[in-house]
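One letter stands for each residue in the lines below.
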Amino acid sequence: MKQENRQGRQERQGAESKTLRHAQSDSLTGTARKLLKEKKADLVIGYERGSSGRRARPAVIREEKDVDRLIFDNTCGPSLVPFVRKALRAAQPGTRVAVVAKGCDGRALVQQVAEGQLKRDQVVIIGVGCGGVVDARRRTPDARRPGQEASSVEREASGVLSDSCRRCRYPNPPVYDVFVGEPAEARTGDEFAGVAEFEKLAPADRWAWFERELAKCIRCYACRNACPMCYCEECFVDQTNPQWFGKSAERPDTTLFHLVRALHTAGRCVDCGACERACPLGVRLGLLNKRIEQEVRERFGFTAGLSLSAAPALAAYSEDDRQEFIL
Amino acid sequence: MSSSLRIAKQDMDQLVSALTSRYRLFGPVDVDGATVLREVKSADELALDAALDGPVKAAFFPQTEMLLSYDGTTSEPPPGRDKPTAVLGVRPCDARSLLLLDKVFGTGKYRDSLWQRRHDDSLIIGLGCGTPLETCFCNSMNLGPFDSQGSDIMLTDIGDAFLAESCTDKGERFLKAAYKSQVQRPSQADLDKAGQVRGKALESLAPAADFSGVKAALATLWDSALWDEVALGCLSCGACAYLCPTCHCFDVQDETAPGTRQGRRVRIWDTCQSALFTKEASGHNPRLSAKERIRQRVMHKFSYFVDNFGEAACVGCGRCIRMCPADFDVRLVLQKVKEAGKPGKAKDARRAG
């Protein structure tokens, strides 16, 4: 298979999967109410207003009377995919979970189906067009001052839009069962511009940047647990027999954790930015993940989360795959 | 007795150098937008106007701390301290957290020599909280944004200067030694300004919640379905525990260099939200899911710690809310606990599992 074809086929498969209607007139709450009423879903996972106006909170809705809590706006940052998995794990077999999905969350759901982690009929995807979400921890000089966690947040004007959203090419989920509202317009420009900019730095400066970022890490694993693609029942850093990794928050250990995790999500990461937004100390993980995404795109013509059936890049072999590193 | 003085912000270097000559000084430092506690050498490193993201406990209970080093036949304790520790810019919630941790490590039934080594003779310079955050609830935990408990000296930001007031003899002695006769006394206008700042802070806090019935309610809720619901909103990461100023659980690890018998034994912060926290050598895990783990966290803070030390292990700093990737809000959980609690049905849940 030629690389271009592989990519093209994926996108076609994605488009074909848009089987259900594009219900622009349906409100989010109306859609959720209907899904519960018609028993098309046993519960709805979406967002509700959080404790601070800057961040929405994942919400699990079981009854029609609670659907009015649902919101969707640019504070809806967390990926809901880990919450879907949690809910399914806790529920009876046969439970169907409806989930509000931005473009990135939709891609993560698709990728999980492609990887055999989720069955397509376990989820009802309520697609929403996303204009980008704010990174509530992005510390603009004003936003981080006590008492100034504004209850309404302007997007790029105040510099609080997530890095991943600034380079997002898939603001709408590639696969959905029902779509609410208007689709969002995809951004244009080079999504890897940030990577290119970073690569202009001398190797020593790049390493210094990583060291500085990773020195902030406290090994809380918020990045991993908020990640829609980190679904291992036992993470490599939690294995004890044998124990592969040191547990300290000192640099060699934190560096290894992040590097191995980045490699483990290669060809699977959908660049939703949930990891960066989850980090309590603002470690910028997205750049590394984006560089790996670029590598996978160039080598295998693969973009994660566009096709329900395409074999994941690192789980597939093609004779055309570049292998110049093998002598 | 207690003295007060005016320290112009441009003269903070004098305070910092007086501190660093006598103490190993820690303070809030901005690292690319995150405010974390770091060792400080000069005043221009300090970020005193932002809420500290990392917890103050790290000055006395570092995340990774060597207990001993070994070479296979003998072991060595870690090197002793050369100076006592001082922390500058400690918010009242964090100052109180150090008092709670001292009950665990310093003065209780079991004394932790590493804690004592760092904590004994330490100097805490508090900083009143002029602009509390939306996530702050110190007033619900019997505390206020200008409480001086746990601080030796208390600073109040009055614009171009800090009003510094000694709260303990130790604080008084330090100020006297540091400033000798060059003390600038605050004017009446300074004192009025400080009063306004305090008043405004109290006004901006949300009304205090009444969590008084929480412990009694928890005793009836061991098997409650409440925990299933609460657990659905938790990602089981360790952000809350590691950023919590009172969480103090740790793991002990031996790190031996490959192919040798040389290494070190370290203790590292641990969190009850991790599955590994209770995983036994057999593979059995008594806290199988997020439900048991989040219940443990709430029970430990608001029930067991009260049994052991007479008060809750929470100071209302709100980091666990502000820093949670899922916007999990412990205030809402405590409210639900109060509502779901069934008085009269208490049983001793403590050892039940």
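As the structure is a computational prediction, the values presented were derived from the model and not from experiment.

### Some words on the overall build of chain B
Counting its regular elements, chain B contains 11 helices and 11 strands. In terms of C-alpha radius of gyration, chain B reaches 22 Å, essentially the compact-globule figure of 20 Å for 353 residues. With the principal axes as the frame, chain B shows a C-alpha extent of 65 × 60 × 40 Å. Going through the 353 residues of chain B one by one, you find that 43% of them count as buried.

### Let's talk about the overall build of chain A
Scanning chain A for helices and strands turns up 11 helices and six strands. Within chain A, the proportion of its 327 residues that are buried is 48%. Within chain A, counting contacts between residues at least 6 apart in sequence, those at least 24 apart form 75% of the total.

### What to know about the interface of chain A and chain B
Taken together, the contact between chain A and chain B spans 35 residues of the former and 40 residues of the latter. Looking at the side of chain A that touches chain B, the elements with two or more residues in it are strand E2 (56–61), helix H3 (81–90) and helix H8 (222–226) of chain A. The element that contributes the greatest number of residues to the side of chain A that touches chain B is H3 of chain A, accounting for four residues. Residue classes in the side of chain A that touches chain B are distributed as 16 nonpolar, eight polar and 11 charged.

### Quick notes on the domain arrangement of chain B
Residue and element names in this part refer to chain B. Parsing chain B into structural domains produces domain 1 (4–204) and domain 2 (214–340). Contacts between the two partners involve 32 residues from domain 1 and, on the opposite side, 26 residues from domain 2. Residue assignment for the side of domain 1 that touches domain 2 shows that the elements contributing at least two residues are strand E4 (64–70) and helix H2 (92–105). In terms of residue count, H2 provides more of the side of domain 1 that touches domain 2 than any other element does, eight residues in total. The class makeup of the residues in the side of domain 1 that touches domain 2 is 17 nonpolar, eight polar and seven charged.

### Examining the confidence of the model for chain A
A residue-level look at chain A finds 85% of positions with pLDDT of 70 or above and a mean pLDDT of 85. By mean pLDDT, the top-scoring element of chain A is strand E4 (residues 97–101) of chain A (98), and the lowest-scoring one is helix H1 (residues 3–16) of chain A (41).

### Quick word on unusual backbone geometry
Residue Pro242 of chain A is bonded to the preceding Asn241 of chain A through a cis peptide linkage, with omega at 0°. Positionally, Pro242 of chain A belongs in the loop between H8 and helix H9 (251–264). Despite not being glycine, Asp271 of chain A shows a phi value in the positive range, around 55°. Take Asp271 of chain A: it is sitting in the loop between H9 and helix H10 (274–278). One non-glycine residue, Asp327 of chain B, adopts positive backbone phi at about 55°. Structurally, Asp327 of chain B is set in the loop between helix H10 (319–322) and helix H11 (330–340). On the neighbour-count criterion, Asp327 of chain B (26 C-beta atoms within 10 Å) is buried.

### Examining the nonpolar core
Core analysis: the biggest nonpolar cluster contains 169 residues, and Val44, Ile45 and Val99 of chain A have the highest contact counts within it. Mapped onto the domain boundaries, this core takes at least three residues apiece from domain 1 (4–204) and domain 2 (214–340) of chain B. Every residue in contact with Val99 of chain A, bar those within four places of it in the chain, is listed here: Ile45, Leu80, Val84, Val123, Ile125 and Ile126 of chain A.

### Some thoughts on the pairing of E4 of chain A
All names here are of chain A. Most of E4 sits inside the fold, with five of its five residues counted as buried. Burial along E4 is two-sided: Val97, Val99 and Ala101 facing one way and Ala98 and Val100 facing the other are all buried. Taken together, the three bridges between strand E1 (residues 43–49) and E4 define a ladder with parallel strand orientation. Paired with Leu43 across the two strands is Val97, which belongs to E4. The sheet contact formed by E4 and strand E5 (residues 123–128) spans five bridges and is parallel.

### Examining the sheet that holds strand E10 (residues 250–256) of chain B
Residue and element names in this part refer to chain B. Strand order in the open sheet formed by four strands is E5-E4-E11-E10, and the pairing between neighbours is antiparallel. Every interior strand has two partners, whereas the edge strands, strand E5 (75–76) and E10, have only one. Sheet topology places E4 next to E5; two bridges connect them, and they run antiparallel. Considered in E5, the bridge of Tyr70 is made with Ser75.

### Quick notes on H11 of chain B
Residue and element names in this part refer to chain B. All of the buried residues along H11 are Val330, Val333, Leu334 and Val337. Along the axis of H11, the buried residues cluster in a sector spanning 100°; they form a single face. Contacts from the buried residues of H11 go to helix H6 (214–218), helix H7 (226–232), helix H9 (290–309) and H10.

### Points about the confidence of the model for chain B
All names here are of chain B. Residue-level pLDDT values for chain B average 93, and 97% of them are 70 or greater. Here residues 348–353 scores under 50 on pLDDT; set against residues more than four positions off or in separate chains, the count is five contacts. On the interface metric, ipTM, the complex scores 0.92, and its pTM is 0.90.

### Looking at the sheet that holds strand E6 (residues 85–90) of chain B
Residue and element names in this part refer to chain B. Overall, mixed pairing links the seven strands, which are arranged E1-E9-E8-E7-E6-E2-E3 in an open sheet. If you trace the sheet from one side to the other, it starts and ends with strand E1 (4–8) and strand E3 (34–39), each paired once. Taken pair by pair, the neighbouring strands of this sheet meet at an average axis angle of 25°, ignoring direction. Direction of pairing for strand E8 (residues 153–157) relative to strand E9 (residues 161–166): antiparallel, over a ladder of five bridges. Following the sheet pairing, Leu155 is matched in E9 by Ala164. Contacting E6 and strand E7 (123–127), H2 runs over the sheet at an angle of about 150° to E7.

What counts, and at which threshold
- Residues numbered from 1 in each chain as written.
- Chains lettered and ligands numbered in written order.
- Predicted model: local features only at pLDDT ≥ 70, side-chain atom pairs only at ≥ 80, totals over all residues.
- Helix = DSSP H or I, 4+ residues; strand = E, 2+ residues; numbered from the N terminus.
- Rg over C-alpha atoms; globule rule 2.2 N^0.38 Å.
- Buried ≥ 20, exposed ≤ 12 C-beta atoms within 10 Å, placed from the backbone.
- Contact = placed C-beta atoms within 7 Å.
- Nonpolar A, V, L, I, M, F, W, Y, C, P; charged D, E, K, R; others polar.
- Domains from an automatic or database assignment.
- pLDDT = per-residue confidence, 0-100.
- Core = buried A, V, L, I, M, F, W, Y, C linked by C-beta atoms within 7 Å.
- Pairing = 2+ DSSP bridges.
- Arc of directions from axis to C-beta.
- Axes fitted to C-alpha atoms, helices over the stretch in contact; angles between N-to-C directions.

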